[in-house]
Amino acid sequence: MNTARRAAHRPAVLLIGLMLFALGGCGGGGGDDTAAAPPTPPPTPPASGRWTPTLNDTWQWQLNGNVNTSYDASVYDIDLFDTPQATIDSLHAAGRKVVCYFSAGSGEDWRPDYAGFTAADLGAALDGWAGVRWLDTRSASVRNVMAARLDLAASKHCDGVEPDNVDGYANASGFPLSAATQLDYNRWLAAQAHARKLAVALKNDLEQLGDLQGDFDFAVNEECFALNECGTYASFIAVGKPVFNAEYAARYQQNTNGARTALCAAAEQAKIRTLVLAQQLDDSYRYACP
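Read on for an overview of the structure. Quick caveat, the model's predicted, so the values are computed rather than measured. All chains use their own residue numbering, which begins from 1 and follows the written sequence. Residue-level local features of this predicted model are given only where pLDDT is at least 70; pairs of side-chain atoms are given and counted only at 80 or more, and the full residue set underlies all totals for whole chains, interfaces and linings. Excluded from the side-chain calculations are hydrogens and water; all other atoms, namely the structure's heavy atoms, are used.

1. So, the pairing of strand E2 (residues 75-79)
- A 1.4 Å probe rolled over the protein chains alone gives each residue an accessible area, and that area as a share of the maximum for its type sets the label: buried under 20%, exposed over 50%, partly exposed in between. Runs of H or I in DSSP of at least four residues are treated as helices and runs of E of at least two as strands, each being numbered from the N terminus. Here E2 lies mainly inside the structure; 5 of its 5 residues are buried.
- Between any two strands, at least two bridges found by DSSP are needed for them to pair. Note that strand E1 (residues 59-62) and E2 share 4 bridges and pair parallel. The residue bridging Trp61 from the neighbouring strand is Asp77, located in E2.
- Sheet analysis places E2 next to strand E3 (residues 97-103), joined by 5 bridges and oriented parallel. From the neighbouring strand, Ile78 faces E3, where its bridge partner is Cys100.
- Note on the crossover from E2 through helix H2 (residues 85-93) to E3: the handedness is right-handed. Orienting the strands away from the viewer, one traces the path from the first strand over the helix to the second; a clockwise path indicates a right-handed crossover.

Structure below.
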């Protein structure tokens, strides 16, 4: 079980995605009026001691089961707690970068540090996720737990982190969270990660991409093509920050009426690194767009 899947009560679909991709690979045969993808900018010089992801990076995402380390991917996104140190070390020995996943906006009652949350920190249950509750991200004790998780990521030699569920304000969390409190928390997470020389991903939270682009090093997204939301990532792509996208729909797995072919064409045009995966993120199905 993991909370990588975007929580229920997602924000309304952002129509700007339709504008970017209606003429792209998913919509049919682009003509002379097809919107051009933004040019690839020169690589950003790395911050001192910190990995800088690039648009050329490929990725693998597995949060459940023994990690399959055999894929030719430059970045592996894996669970912070469940992944043995030996697996991280073997990935590094093979020249891979390692991103460590944890939930920053929800408490999972099976995690070893769950007792660090107070009763007041725990809000509404996440629909469809047993044992998972939204967190009050304004809380000092919540932030202390997250700081310790970032310390763990640094101690395990992760190159970056993927904090999940960082859009509680847009969900029925049980707390009076707002866009302003979410921006404060997400910027705090990014600053804390950077202080530990960790790259940090912005997970989903599409409505705040423009505000947070300067704070985060890359993005991880679920189903932006299926939901016609990928156009919102143009601000990341334009400055050379990669977007790692996962799609789960059966039509992509089965390539129904060429759906996966069109998906990959659109992903290539948008410079978004796209995988078609099983929703369980257990390596039971994987297709990487070229």
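This is not the end of the story, as more comes after the structure.
2. Focus on the sheet that holds strand E9 (residues 218-222)
- Taken in spatial order, the 9 strands line up as E1-E2-E3-E7-E8-E9-E10-E11-E12 in an open sheet, and their pairing is mixed. Unpaired on one side and paired on the other, E1 and strand E12 (286-288) mark the two borders of the sheet. Across the sheet, the mean angle separating the axes of adjacent strands is 20° when strand polarity is ignored.
- Taken together, the 2 bridges between strand E7 (residues 160-164) and strand E8 (residues 199-203) define a ladder with parallel strand orientation. Here the axes come from fitting lines to C-alpha atoms, over the contacting stretch only for helices, and the angles between their N-to-C directions go from 0 to 180 degrees.

3. A word on helix H3 (residues 140-155)
- Working rule for helices: expected span equals 1.5 Å times residues minus one. Helix length check: H3, at 16 residues, gives a terminal C-alpha distance of 22 Å against a target of 22 Å (1.5 Å per residue), a fit within 8%.
- Any two residues whose heavy atoms approach within 4.5 Å are treated as being in contact. In the core, the buried residues of H3 are packed alongside E3, strand E6 (132-135), E7 and helix H4 (179-195).
- After H3 finishes, the residue His157 shows a positive phi value of roughly 65°.

4. Concerning the pattern of salt bridges
- The term salt bridge refers to a pairing of a side-chain nitrogen on Lys or Arg with a carboxyl oxygen on Asp or Glu at a separation within 4 Å. Evaluation of the coordinates by the stated rule reveals 12 salt bridges.
- Two residues, Lys203 and Asp164, come together in a salt bridge whose shortest N-O distance is 3.0 Å. Of this pair, Lys203 sits in strand E8 while Asp164 sits in strand E7; the two residues are 39 residues apart in sequence, bridging distant segments of the chain.
- Its relative accessible area of 1% is what places Lys203 among the buried residues.
- The class for Asp164 is buried, based on a relative accessible area of 1%.
- Each of Asp79, Asp82, Glu108 and Arg111 takes part in a single network of salt bridges with overlapping partners.

Interpretation note: all reported values are geometric properties and have no functional meaning in isolation.
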